[in-house]
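Commentary on secondary and tertiary structure
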Amino acid sequence: MTAGEKAKAKTEQAKGKTKETLGNAVGNDRMATKGHAEKATGDAREAKEKTKDAFKH
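Residues numbered from 1 in each chain as written. Predicted model: local features only at pLDDT ≥ 70, side-chain atom pairs only at ≥ 80, totals over all residues. Heavy atoms only, no water.

**So, the overall build of the protein**
In terms of regular secondary structure, the protein is built from two helices and zero strands. Against the 2.2 N^0.38 benchmark of 10 Å for 57 residues, the protein shows a C-alpha radius of gyration of 13 Å, more extended than a compact globule. Seen along its three principal axes, the alpha-carbon backbone of the protein occupies a region of about 45 × 15 × 10 Å. When each of the 57 residues of the protein is scored for burial, the buried share is 25%. In the protein, the proportion of contacts linking residues at least 24 apart, taken out of those at least 6 apart, comes to 50%. A distance of 2 Å separates the average location of the 14 positive side-chain charges in the protein from that of its 9 negative side-chain charges. (Helix = DSSP H or I, 4+ residues; strand = E, 2+ residues; numbered from the N terminus. Rg over C-alpha atoms; globule rule 2.2 N^0.38 Å. Buried < 20%, exposed > 50% of the residue type's maximum accessible area, 1.4 Å probe, protein only. Contact = heavy atoms within 4.5 Å. Lys, Arg positive; Asp, Glu negative; His and termini not counted. Charge placed at Lys NZ, Arg CZ, Asp CG, Glu CD.)

**Focus on helix α2 (residues 29-56)**
With 28 residues, α2 extends 41 Å from end C-alpha to end C-alpha; this agrees with the ideal 40 Å at 1.5 Å per step. Taken residue by residue, α2 has A32, G35, E38, G42, R45, E46, E49 and D53 as its buried positions. If you follow the buried residues of α2, they end up packed against α1 (3-26). Its side-chain oxygen at 3.2 Å from the backbone nitrogen of R30, N28 defines the N-terminal cap of α2. (Expected span 1.5 Å × (residues − 1). Polar contact = N/O pair within 3.5 Å; in protein donor to acceptor, adjacent residues only side chain to side chain.)

**Considerations on the side chain of E38**
For E38, the location among the structural elements is in helix α2. For E38, the side chain forms a polar contact with the side chain of K19, separated by 2.9 Å.

**What to know about the environment of K17**
Mapped onto the elements, K17 comes out in helix α1. Taking C-alpha positions, K17 is 11 Å from T41, a pair spaced 24 residues apart along the chain. When near neighbours in sequence (up to four residues on either side) are disregarded, K17 contacts G35 and K39.

**Topic: α1**
Between its first and last C-alpha, α1 extends 35 Å over 24 residues, near the 34 Å set by a 1.5 Å rise per residue. Those residues of α1 that sit buried are A9, E12, Q13, G16, E20 and G23. As for α1, its buried residues are in contact with α2. Two residues or fewer past α1, G27 is found with a positive phi of approximately 80°.

Right under this line is the structure:
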């Protein structure tokens, strides 16, 4: 996995988790949902990069 893509995935996951937690804490369902989606995007990016790495070797 390239360092840039790995960092981007981790950043998306962290931002998403933060938004999700904050949204749940203040009762903002829209923010919580958006955070969950952002976290899922980061998870998918990480999985894609791991799959690409598996086929390189």
